[in-house]
Amino acid sequence: MTLKKTRNWDDLRFFLAVARTGTLTAAAAQTGTEHTTVARRILALEEGLDRRLFHKSNLGYALTEAGEALLGTAEAMESAFVSGSAAGGTGRSVAGTVRIGAPDGFGSVFLAPRMHRLTEAHPGLEIEIMATARIFSLSKREADIVVSLSAPQQARVVTRRLTDYRLFVYGSKAYLDAAEPIRTAADLGRHPFVSYIEDMLFARELNYLNVIGPGASARLRSTNLLAQVHATLAGAGLCIVPAFIAAAHPGLVPVLPDALSLTRAFHMHIHEDHRKAAHIREVAAFIVGAVEAAQALFSRAG
(Lines give C-alpha, C1' and ligand atoms only; values in the text may rest on other atoms or scores of the structure.)
Protein backbone atom coordinates (compact mmCIF):
# COMPACT_ATOMS: atom_id res chain seq x y z
CA MET A 1 0.00 0.00 0.00
CA THR A 2 1.42 3.36 -1.03
CA LEU A 3 1.07 6.21 1.46
CA LYS A 4 2.21 8.92 -0.92
CA LYS A 5 -1.16 10.66 -0.83
CA THR A 6 -1.69 10.36 2.93
CA ARG A 7 1.49 11.89 4.31
CA ASN A 8 0.01 14.73 6.25
CA TRP A 9 -1.54 14.67 9.67
CA ASP A 10 -4.80 16.35 8.63
CA ASP A 11 -5.61 13.43 6.30
CA LEU A 12 -4.94 10.74 8.88
CA ARG A 13 -6.54 12.26 11.96
CA PHE A 14 -10.01 11.52 10.51
CA PHE A 15 -9.00 7.91 9.88
CA LEU A 16 -7.74 7.56 13.46
CA ALA A 17 -10.87 9.13 14.89
CA VAL A 18 -13.14 6.63 13.11
CA ALA A 19 -10.84 3.72 13.95
CA ARG A 20 -10.90 4.65 17.65
CA THR A 21 -14.56 5.58 18.06
CA GLY A 22 -16.21 3.23 15.59
CA THR A 23 -18.79 5.72 14.27
CA LEU A 24 -18.84 8.81 12.09
CA THR A 25 -20.81 10.77 14.69
CA ALA A 26 -18.33 10.08 17.48
CA ALA A 27 -15.41 10.75 15.15
CA ALA A 28 -16.97 14.09 14.15
CA ALA A 29 -17.29 15.05 17.82
CA GLN A 30 -13.66 14.13 18.41
CA THR A 31 -12.40 16.11 15.41
CA GLY A 32 -14.72 19.07 15.85
CA THR A 33 -16.40 18.63 12.44
CA GLU A 34 -19.62 17.26 10.94
CA HIS A 35 -20.14 13.55 10.30
CA THR A 36 -20.52 14.31 6.58
CA THR A 37 -17.05 15.87 6.59
CA VAL A 38 -15.60 12.77 8.24
CA ALA A 39 -17.31 10.55 5.67
CA ARG A 40 -15.91 12.62 2.78
CA ARG A 41 -12.38 12.52 4.21
CA ILE A 42 -12.50 8.75 4.72
CA LEU A 43 -13.83 8.24 1.18
CA ALA A 44 -11.08 10.45 -0.25
CA LEU A 45 -8.47 8.55 1.74
CA GLU A 46 -9.78 5.20 0.48
CA GLU A 47 -9.82 6.46 -3.12
CA GLY A 48 -6.29 7.80 -2.78
CA LEU A 49 -5.03 4.46 -1.45
CA ASP A 50 -7.31 2.39 -3.69
CA ARG A 51 -8.18 0.35 -0.59
CA ARG A 52 -11.27 -0.07 1.52
CA LEU A 53 -10.31 0.84 5.09
CA PHE A 54 -13.54 0.11 6.99
CA HIS A 55 -16.37 -2.41 7.03
CA LYS A 56 -19.67 -0.64 7.74
CA SER A 57 -22.41 -2.42 9.72
CA ASN A 58 -25.25 -1.65 12.10
CA LEU A 59 -22.67 -1.74 14.89
CA GLY A 60 -20.52 0.95 13.28
CA TYR A 61 -17.20 1.01 11.45
CA ALA A 62 -14.65 -1.80 11.80
CA LEU A 63 -11.19 -1.82 10.25
CA THR A 64 -10.53 -3.97 7.21
CA GLU A 65 -7.20 -5.74 6.76
CA ALA A 66 -5.95 -2.69 4.83
CA GLY A 67 -7.22 -0.44 7.61
CA GLU A 68 -5.36 -2.47 10.22
CA ALA A 69 -2.20 -2.13 8.14
CA LEU A 70 -2.64 1.65 7.96
CA LEU A 71 -3.42 2.01 11.67
CA GLY A 72 0.16 1.41 12.85
CA THR A 73 1.54 3.91 10.34
CA ALA A 74 -1.09 6.51 11.24
CA GLU A 75 -0.37 6.17 14.96
CA ALA A 76 3.37 6.48 14.29
CA MET A 77 2.74 9.67 12.30
CA GLU A 78 0.53 10.99 15.12
CA SER A 79 3.33 10.34 17.61
CA ALA A 80 5.89 11.97 15.31
CA PHE A 81 3.60 14.97 14.86
CA VAL A 82 3.34 15.73 18.57
CA SER A 83 7.00 14.82 19.14
CA GLY A 84 8.09 17.17 16.39
CA SER A 85 5.93 19.92 17.85
CA ALA A 86 7.46 19.33 21.26
CA ALA A 87 11.04 19.21 20.03
CA GLY A 88 10.69 22.45 18.13
CA GLY A 89 11.19 24.56 21.22
CA THR A 90 14.20 22.72 22.64
CA GLY A 91 17.40 24.69 23.02
CA ARG A 92 15.82 28.11 23.55
CA SER A 93 14.92 29.95 26.71
CA VAL A 94 11.15 29.97 27.09
CA ALA A 95 8.73 31.67 29.46
CA GLY A 96 5.13 31.26 30.51
CA THR A 97 2.92 28.99 32.59
CA VAL A 98 2.20 25.40 31.55
CA ARG A 99 -0.47 23.41 33.37
CA ILE A 100 -0.13 19.63 33.27
CA GLY A 101 -3.04 17.33 34.11
CA ALA A 102 -1.98 13.82 35.08
CA PRO A 103 -3.07 10.79 37.13
CA ASP A 104 -2.12 11.22 40.77
CA GLY A 105 0.61 8.56 40.76
CA PHE A 106 2.35 9.71 37.59
CA GLY A 107 1.99 13.39 38.44
CA SER A 108 3.12 13.10 42.07
CA VAL A 109 5.74 10.35 41.98
CA PHE A 110 7.22 10.69 38.50
CA LEU A 111 6.71 14.25 37.25
CA ALA A 112 6.90 16.33 40.43
CA PRO A 113 10.47 15.32 41.45
CA ARG A 114 11.81 15.99 37.94
CA MET A 115 10.19 19.20 36.73
CA HIS A 116 12.52 21.52 38.68
CA ARG A 117 15.27 20.63 36.21
CA LEU A 118 13.22 22.33 33.51
CA THR A 119 12.32 25.42 35.54
CA GLU A 120 15.96 25.84 36.56
CA ALA A 121 16.97 25.77 32.88
CA HIS A 122 14.23 28.29 32.03
CA PRO A 123 13.76 30.83 34.86
CA GLY A 124 10.78 32.38 33.09
CA LEU A 125 8.91 29.08 32.93
CA GLU A 126 6.30 28.11 35.54
CA ILE A 127 4.84 24.61 35.85
CA GLU A 128 1.50 23.68 37.41
CA ILE A 129 0.91 19.97 38.03
CA MET A 130 -2.67 18.89 38.63
CA ALA A 131 -2.04 15.34 39.91
CA THR A 132 -5.50 13.98 40.52
CA ALA A 133 -7.76 11.12 39.55
CA ARG A 134 -9.98 12.74 36.94
CA ILE A 135 -10.34 13.45 33.22
CA PHE A 136 -9.03 16.84 32.06
CA SER A 137 -10.54 18.73 29.14
CA LEU A 138 -8.08 20.31 26.73
CA SER A 139 -10.88 21.98 24.80
CA LYS A 140 -12.04 23.76 27.98
CA ARG A 141 -8.42 24.75 28.69
CA GLU A 142 -8.37 22.87 32.00
CA ALA A 143 -4.79 21.90 31.14
CA ASP A 144 -2.22 22.61 28.43
CA ILE A 145 -0.79 19.08 28.46
CA VAL A 146 -2.69 16.01 29.61
CA VAL A 147 -1.25 12.62 30.51
CA SER A 148 -3.93 9.94 30.54
CA LEU A 149 -4.42 6.18 30.42
CA SER A 150 -6.13 6.10 27.03
CA ALA A 151 -6.30 7.60 23.56
CA PRO A 152 -7.97 11.02 23.31
CA GLN A 153 -11.76 11.35 23.36
CA GLN A 154 -11.74 15.09 22.61
CA ALA A 155 -11.73 17.16 19.43
CA ARG A 156 -8.57 18.49 17.78
CA VAL A 157 -6.04 16.72 19.99
CA VAL A 158 -2.66 15.31 19.00
CA THR A 159 -1.31 12.40 20.98
CA ARG A 160 1.87 10.56 21.74
CA ARG A 161 1.97 7.19 23.48
CA LEU A 162 4.52 7.85 26.22
CA THR A 163 5.14 4.35 27.54
CA ASP A 164 3.66 1.07 28.63
CA TYR A 165 3.95 0.40 32.33
CA ARG A 166 3.52 -2.73 34.42
CA LEU A 167 1.58 -3.29 37.61
CA PHE A 168 2.03 -6.05 40.18
CA VAL A 169 0.39 -7.20 43.38
CA TYR A 170 2.19 -5.89 46.46
CA GLY A 171 1.90 -6.24 50.21
CA SER A 172 3.93 -4.96 53.15
CA LYS A 173 6.56 -7.29 54.60
CA ALA A 174 4.79 -7.27 57.97
CA TYR A 175 1.46 -8.21 56.38
CA LEU A 176 2.94 -11.01 54.27
CA ASP A 177 4.89 -12.44 57.22
CA ALA A 178 1.75 -12.65 59.35
CA ALA A 179 -0.85 -13.59 56.72
CA GLU A 180 -1.73 -16.91 55.15
CA PRO A 181 0.97 -17.93 52.62
CA ILE A 182 0.46 -17.01 48.98
CA ARG A 183 1.85 -19.73 46.72
CA THR A 184 -0.42 -19.45 43.67
CA ALA A 185 -2.80 -16.91 42.16
CA ALA A 186 -5.71 -18.87 43.61
CA ASP A 187 -4.51 -17.99 47.12
CA LEU A 188 -5.02 -14.25 46.48
CA GLY A 189 -8.79 -14.53 46.87
CA ARG A 190 -8.32 -15.29 50.58
CA HIS A 191 -6.62 -11.93 51.20
CA PRO A 192 -8.19 -8.47 51.53
CA PHE A 193 -7.29 -5.93 48.86
CA VAL A 194 -6.91 -2.18 48.89
CA SER A 195 -8.30 -0.74 45.67
CA TYR A 196 -10.30 1.97 43.92
CA ILE A 197 -13.91 2.92 44.60
CA GLU A 198 -15.48 1.16 41.63
CA ASP A 199 -18.35 3.56 40.94
CA MET A 200 -15.93 6.50 41.00
CA LEU A 201 -13.35 5.17 38.54
CA PHE A 202 -12.38 7.89 36.07
CA ALA A 203 -10.87 5.37 33.63
CA ARG A 204 -11.86 1.79 32.93
CA GLU A 205 -8.16 0.89 32.79
CA LEU A 206 -8.12 1.19 36.60
CA ASN A 207 -10.55 -1.68 37.13
CA TYR A 208 -7.94 -4.17 38.32
CA LEU A 209 -9.63 -6.60 40.68
CA ASN A 210 -11.43 -8.49 37.94
CA VAL A 211 -8.09 -9.89 36.75
CA ILE A 212 -7.38 -11.39 40.18
CA GLY A 213 -10.43 -13.61 40.10
CA PRO A 214 -14.01 -13.80 41.37
CA GLY A 215 -12.90 -14.19 45.00
CA ALA A 216 -10.93 -10.94 45.13
CA SER A 217 -12.56 -8.13 47.09
CA ALA A 218 -11.47 -4.80 48.50
CA ARG A 219 -12.16 -3.96 52.13
CA LEU A 220 -10.52 -0.55 51.89
CA ARG A 221 -11.04 1.71 48.89
CA SER A 222 -9.85 5.14 47.80
CA THR A 223 -9.98 7.29 44.68
CA ASN A 224 -6.33 8.19 45.35
CA LEU A 225 -3.56 5.76 44.42
CA LEU A 226 -1.11 7.13 46.97
CA ALA A 227 -3.70 6.65 49.72
CA GLN A 228 -3.95 3.01 48.63
CA VAL A 229 -0.17 2.66 48.74
CA HIS A 230 0.10 4.04 52.27
CA ALA A 231 -2.75 1.86 53.47
CA THR A 232 -0.94 -1.17 52.03
CA LEU A 233 2.32 -0.15 53.67
CA ALA A 234 0.44 -0.01 56.98
CA GLY A 235 -0.67 -3.63 56.58
CA ALA A 236 -4.23 -3.23 55.27
CA GLY A 237 -3.82 -6.04 52.73
CA LEU A 238 -2.71 -6.45 49.14
CA CYS A 239 -2.80 -3.80 46.42
CA ILE A 240 -2.19 -3.66 42.67
CA VAL A 241 0.38 -0.91 42.19
CA PRO A 242 2.36 0.37 39.17
CA ALA A 243 5.99 -0.73 39.35
CA PHE A 244 7.29 2.84 39.11
CA ILE A 245 5.25 3.78 42.20
CA ALA A 246 6.35 0.72 44.18
CA ALA A 247 10.00 1.51 43.38
CA ALA A 248 9.67 4.60 45.60
CA HIS A 249 8.49 2.48 48.55
CA PRO A 250 10.96 -0.28 49.55
CA GLY A 251 8.43 -1.48 52.13
CA LEU A 252 6.26 -2.89 49.34
CA VAL A 253 7.02 -6.51 48.47
CA PRO A 254 5.90 -7.93 45.08
CA VAL A 255 3.64 -11.00 45.29
CA LEU A 256 3.92 -13.66 42.55
CA PRO A 257 5.57 -11.21 40.12
CA ASP A 258 6.41 -13.98 37.64
CA ALA A 259 2.84 -15.26 37.55
CA LEU A 260 0.68 -12.16 37.71
CA SER A 261 1.09 -8.69 36.23
CA LEU A 262 -0.89 -6.14 34.23
CA THR A 263 0.20 -3.73 31.51
CA ARG A 264 -1.28 -0.30 30.93
CA ALA A 265 -0.08 2.76 28.97
CA PHE A 266 0.37 6.49 29.46
CA HIS A 267 -0.55 8.84 26.59
CA MET A 268 0.32 12.52 26.31
CA HIS A 269 -2.21 14.87 24.69
CA ILE A 270 -1.86 18.45 23.45
CA HIS A 271 -4.57 20.56 21.86
CA GLU A 272 -3.80 21.42 18.23
CA ASP A 273 -4.11 25.13 19.04
CA HIS A 274 -1.18 24.83 21.46
CA ARG A 275 1.24 22.74 19.45
CA LYS A 276 3.18 25.80 18.19
CA ALA A 277 3.53 27.44 21.61
CA ALA A 278 7.24 27.29 22.51
CA HIS A 279 6.75 26.92 26.27
CA ILE A 280 4.28 24.04 25.84
CA ARG A 281 6.53 22.32 23.30
CA GLU A 282 9.45 22.62 25.70
CA VAL A 283 7.55 20.99 28.56
CA ALA A 284 6.19 18.24 26.32
CA ALA A 285 9.68 17.48 25.04
CA PHE A 286 10.99 17.31 28.60
CA ILE A 287 8.27 14.85 29.63
CA VAL A 288 9.02 12.64 26.63
CA GLY A 289 12.74 12.66 27.41
CA ALA A 290 12.21 11.95 31.12
CA VAL A 291 9.99 8.96 30.36
CA GLU A 292 12.40 7.57 27.77
CA ALA A 293 15.29 7.88 30.22
CA ALA A 294 13.38 5.95 32.88
CA GLN A 295 12.06 3.03 30.85
CA ALA A 296 13.35 0.40 33.26
CA LEU A 297 11.40 2.05 36.06
CA PHE A 298 8.10 1.36 34.33
CA SER A 299 8.61 -2.38 33.90
CA ARG A 300 10.40 -3.77 36.95
CA ALA A 301 8.55 -5.38 39.85
CA GLY A 302 10.48 -3.80 42.69
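Here, the structure is the one placed above.
This text gives an overview of the structure that appears in the document. (Residues numbered from 1 in each chain as written. Predicted model: local features only at pLDDT ≥ 70, side-chain atom pairs only at ≥ 80, totals over all residues. Heavy atoms only, no water.)

## Details of the overall build of the chain
For the chain, the count of helices and strands is 10 helices and 11 strands. Taking as baseline every contact in the chain between residues at least 6 positions apart, the subset at least 24 positions apart corresponds to 76%. Of the roughly 14200 Å² of accessible surface on the chain, 51% is carried by carbon and sulfur atoms. (Helix = DSSP H or I, 4+ residues; strand = E, 2+ residues; numbered from the N terminus. Contact = heavy atoms within 4.5 Å. Areas by Shrake-Rupley, 256 points an atom, 1.4 Å probe, with all protein chains shown as cover.)

## Some points on the pattern of salt bridges
Applying the stated rule across the entire model yields 7 salt bridges. Note that Glu142 is salt-bridged to Arg134, the shortest N-O span being 2.6 Å. Linking Glu180 and Arg190 is a salt bridge whose minimum nitrogen-to-oxygen distance equals 2.9 Å. Of this pair, Glu180 sits in the loop between α7 (173-178) and β7 (193-195) while Arg190 is found in the loop between α7 and β7, placing the two residues 10 residues apart along the sequence. The class of Glu180 is partly exposed, set by a relative accessible area of 42%. (Salt bridge = Lys/Arg side-chain N within 4 Å of Asp/Glu carboxyl O. Buried < 20%, exposed > 50% of the residue type's maximum accessible area, 1.4 Å probe, protein only.)

## Some remarks on the nonpolar core
Counting residues in each nonpolar core, the largest one holds 65 residues, and the members touching the most others are Phe106, Phe110 and Phe193. Broken down by element, the residue count for this core peaks at 8 residues, all from helix α10 (residues 278-293). The residues contacting Phe110, other than those within four sequence positions of it, are Gly105, Phe244, Ala290, Val291, Ala294, Leu297 and Phe298. The next biggest cluster of nonpolar side chains, apart from the first, holds 20 residues, and it includes Phe15, Ala28, Val38 and Ala66. (Core = buried A, V, L, I, M, F, W, Y, C linked by side-chain atoms within 4.5 Å.)

## Notes on the pairing of strand β6 (residues 157-172)
Counting buried positions along β6 gives 13 out of 16 residues, so the element sits mostly inside the fold. Sheet topology note: the β6/strand β9 (residues 238-242) ladder contains 4 bridges and is antiparallel. Residue pairing in the sheet places Val169 in a bridge with Ile240 of β9. In this structure, β6 lies alongside strand β10 (residues 252-255), joined through 4 bridges in antiparallel fashion. Considered in β10, the bridge of Ser172 is made with Leu252. (Pairing = 2+ DSSP bridges.)

## Here's the deal with helix α5 (residues 104-111)
Summarising burial for α5: 7 of the 8 residues are buried, a large majority. Here α5 has its buried residues at Asp104, Gly105, Phe106, Gly107, Val109, Phe110 and Leu111.

## Notes on the environment of Val98
With respect to the helices and strands, Val98 occurs in strand β3 (residues 96-102). The class of Val98 is buried, set by a relative accessible area of 0%. On a C-alpha basis, the gap between Val98 and Glu282 in space is 9.7 Å, while along the polypeptide they are 184 residues apart. Those residues in contact with Val98 that sit more than four places away from it in its chain are Leu125, Glu126, Ile127, Glu128, Asp144, Ile145, His279, Ile280 and Val283.

## Comments concerning helix α8 (residues 225-233)
Listed as buried for α8 are Leu225, Gln228, Val229, Ala231 and Thr232. Along the axis of α8, the buried residues cluster in a sector spanning 165°; they form a single face. The N-cap of α8, judged by a side-chain oxygen 2.9 Å from the amide nitrogen of Leu226 a few residues on, is Asn224. Immediately beyond the C-terminal end of α8, within one or two residues, lies Gly235, with a positive phi of roughly 100°. (Arc of directions from axis to C-beta. Polar contact = N/O pair within 3.5 Å; in protein donor to acceptor, adjacent residues only side chain to side chain.)

## Regarding the side chain of Thr64
Residue placement: Thr64 occurs in the loop between β2 (60-63) and α4 (65-87). When its relative accessible area of 8% is taken as the criterion, Thr64 is described as buried. Residue contacts for Thr64: discarding those within four places in its chain leaves Arg52, Leu53, Phe54 and His55.

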